[in-house]
Number of protein chains: 2
Amino acid sequence: MNKDYYVVIMAGGVGTRFWPMSTVACPKQFIDVMGTGMTMIQQTYARFRDFCPPENIFVVTGRAYRDLVLKQLPMMRPDRVLCEPHRKNTAPCIAYANYKIGSLNPEATIVVAPADHVVLKEDVFNEAIHTAAEAASRNDCLITLGITPSSPNTGYGYIQFDTESMRGYDKIKKVKLFTEKPELEMAKTFVESGEFLWNAGLFIWSLKSSMKAFKEHLPEVDELFASGLGKYDTPEEAGYIEKIYLVCKSISIDYGVMEKARNVYVLECDFGWSDVGTWDSLYELRPKDKERNAVEGRNVLLYDTKGCIVNVPKDKLVVLQGLEDYIVVENNDRLLVCRRSEEQMLRQIVGDIASEKGEKFI
Amino acid sequence: MNKDYYVVIMAGGVGTRFWPMSTVACPKQFIDVMGTGMTMIQQTYARFRDFCPPENIFVVTGRAYRDLVLKQLPMMRPDRVLCEPHRKNTAPCIAYANYKIGSLNPEATIVVAPADHVVLKEDVFNEAIHTAAEAASRNDCLITLGITPSSPNTGYGYIQFDTESMRGYDKIKKVKLFTEKPELEMAKTFVESGEFLWNAGLFIWSLKSSMKAFKEHLPEVDELFASGLGKYDTPEEAGYIEKIYLVCKSISIDYGVMEKARNVYVLECDFGWSDVGTWDSLYELRPKDKERNAVEGRNVLLYDTKGCIVNVPKDKLVVLQGLEDYIVVENNDRLLVCRRSEEQMLRQIVGDIASEKGEKFI
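What you are looking at is a predicted structure, and each value in this text was computed from that prediction instead of being measured.

A. Representation of the relation of the copies chain B and chain A. Aligned on chain A, chain B shows an RMSD of 0.0 Å; the corresponding rotation is 180 degrees and the shift along the axis is 0.0 Å. Taken together, the rotation angle and the small translation identify this as a two-fold axis. When the interface residues of chain B are mapped onto chain A, 100% of them again lie at the interface, so the same face is used by both copies.

B. Up close: the pairing of strand 6 (residues 142–147) of chain A. All names here are of chain A. The buried fraction of strand 6 is high, at six of six residues. Of the two faces of strand 6, the one holding Leu142, Thr144 and Gly146 and the one holding Ile143, Leu145 and Ile147 are both buried throughout. In this structure, strand 6 lies alongside strand 9 (residues 196–206), joined through five bridges in antiparallel fashion. Following the sheet pairing, Ile143 is matched in strand 9 by Ile204. Note: strand 6 against strand 10 (residues 264–269), six bridges, orientation parallel. Residue pairing across strands places Leu142 opposite Val264, the latter belonging to strand 10.

C. Looking closely at the environment of A:Met34. Residue and element names in this part refer to chain A. You can see Met34 is positioned in the loop between strand 1 (5–11) and helix 1 (40–47). Under the relative-accessibility criterion, Met34 is labelled buried at 15%. The spatial distance from the C-alpha of Met34 to the C-alpha of Ala135 is 32 Å, given a sequence separation of 101 residues. Those residues within four positions of Met34 in sequence are excluded, and the remaining contacts are Val118, Leu120, Leu282, Leu285 and Arg286.

D. Main features of the side chain of B:Asp116. Residue and element names in this part refer to chain B. Within the fold, Asp116 resides in the loop between strand 4 (109–114) and strand 5 (118–119). Classification of Asp116 as buried rests on a relative accessible area of 18%. When neighbours within four sequence positions are excluded, Asp116 is seen to be in contact with Lys28, Gln29, Met40, Thr44, Asp275 and Val276.

E. Representation of the interface of chain B and chain A. The interface is formed by 31 residues belonging to chain B together with 31 residues belonging to chain A. Counting each side, the surface lost to burial between chain B and chain A is near 2800 Å², with a carbon and sulfur contribution of 61%. For chain B, the biggest contributors to the area lost against chain A are B:Leu317, B:Gln321 and B:Leu335; these three give 25% of the whole. Linking chain B to chain A there are four salt bridges. Salt-bridge contacts for A:Glu330 lead to B:Lys316; the nearest nitrogen and oxygen are separated by 2.4 Å. Connecting chain B to chain A are 24 residue pairs in polar contact (both at pLDDT 80 or more).

F. Expanded view of the pairing of strand 17 (residues 334–339) of chain A. Counting buried positions along strand 17 of chain A yields five of six residues, so the element is predominantly enclosed. Bridge count for strand 16 (residues 326–331) of chain A against strand 17 of chain A is six bridges, and the pairing is antiparallel. Within the sheet, the bridge partner assigned to A:Val328 lies in strand 17 of chain A and is A:Val337. Bridge count between strand 17 of chain A and strand 15 (residues 317–321) of chain B: four bridges; the pairing is parallel. Pairing of A:Leu336 across the sheet is with B:Val319, part of strand 15 of chain B.

Calculation criteria
- Residues numbered from 1 in each chain as written.
- Chains lettered and ligands numbered in written order.
- Predicted model: local features only at pLDDT ≥ 70, side-chain atom pairs only at ≥ 80, totals over all residues.
- Heavy atoms only, no water.
- Least-squares fit on C-alpha atoms with pLDDT ≥ 70 in both.
- Contact = heavy atoms within 4.5 Å.
- Buried < 20%, exposed > 50% of the residue type's maximum accessible area, 1.4 Å probe, protein only.
- Helix = DSSP H or I, 4+ residues; strand = E, 2+ residues; numbered from the N terminus.
- Pairing = 2+ DSSP bridges.
- Buried area = accessible area lost by both parts, 1.4 Å probe.
- Salt bridge = Lys/Arg side-chain N within 4 Å of Asp/Glu carboxyl O.
- Polar contact = N/O pair within 3.5 Å; in protein donor to acceptor, adjacent residues only side chain to side chain.

The quantities given are spatial measurements derived from coordinates; they are silent on function.
Right, dumping it as structure tokens:
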């Protein structure tokens, strides 16, 4: 186990796309979305257990979720949970973690991973992470993992890779282009070309390369964090972070750094990845019965019901008759029945609930 | 207020046609089905408040529901709640009440009423009851209330009346025929003829006429209860009832007495009556929004949802999208979503639940 290896788990999401299964009080990363008995952040943490010493794993989250993180990951040192006072997207989150880790070990090589993604093939994932970490520790580069696309999914960003490889690492290719979520026709062209991979939001780099990239491409963010040198890992840290987050810009690492840097590489992987960003993607991942129903709940009786995703408390008795292709979710005294084809309405629905019933209901 | 007037409220049903709104532990008569703030038995009791002295109102129910009756009708004398040890349909229930009342007042005139029917026009109802009770107290007759049919409903039995009236009571007609629930074509013929009324299961008779009719048409039932003379309204009553209910036949008052007796009369009424025997009948009675949704619950948000009947706890947040003509009911941690057109499946569903999950779930 390499003592210079570090992991930063980004767990700041408050997404309500899975409302009412996920709520503002308990977002997706803190939920057992897959019905495996572990929440997504627990699964993410477990995935890195053998990668680095436990004290090298950091979680960055909103202050409101600190207790939830420590409850779900009781083995974590409390000072390894970094709390953001405001949500500023991924770049400030990563800058914060960089400066924190920099105060501990300037030779660090860091894996940055979202807390709420699914990895079905853990061994393939581990191999990729180790390969990327080794390459990142030896080269001044920013490595991202690119997933072999299994469909022209329009919910993901795509990465176009070059023929040029990193020296000594044939499978790690130079990145030609990052793209936003494409239209379906464009996505089809991407997939057919064989040159595009899904952007999984997983980054591997040495602390030095990451810091250098921030200084070059996001100096206004870097300077805020740099002015706090000497305060990280001291009692002054929280107060300082509070102050700079107020003024720090909100920007993603992709837009702020990755799309601008020229030393960006991608390692193509195929480890059964999904960001589980929609009910449809969850439906695809879940085991289904012969009527194509994906049911989570022990006391669910279905009659003439097909293609539904059902997520209800284990002990709740639920009878569904005559439903086809619906989402049926009950959690915390909130019930949703919605056509699967209309799941994009959830954003409006959750907004309506917040304004009509109050934010405590979302 | 006539001290010889008595009321027998039949509250023995365990029907689960409204599952999970009604359950075996709390059947329909003990539920606020109409969303008025009163349960059906409370409404039924209230309807007779001015008809007779309170101690003259009896409730006959299953032993398991005794406490529920006294909880919902705390003004009742406990000895006015007659408990049947077994369910034997309406004839034994009425025979029991007859003998009980006979031990108190042989001059009684009795109204027998189901606990779980709806009456929208209370004043019309009261007038009909008074007319019928007066006629019954003066004549040896069995009077039933017949409802002017507003549609060819196939869920009700029908009563055909004769042109002949009771002497002194023009509106009380001789009954020609009782019929079971008809097929639709037959029901249409009934309604068009103008000679048929809905059988509301409401009976008015003097104790003497009722006892006489039992002796003549159901002697085997009458003899069981007659052998207990002297025990009614004494500490021996419960034990005796326990014993005879074991052997007493199960038979309805319609089949056992009304269809056979020749002194049966009907008073045509139109007081907004419904037995609320199906979700559809409840849907018809309920106020509806402009999308034809009948919603009971304070926090229900509907999107692209039409023709649904929704019954959920007041504080439950429920979001429905894309449902048309469904029943959505939540109660006591049981949820049902079912097409309104398939409500007859509920019998099978409840049976499945009982056998697969256990009777405590129904």
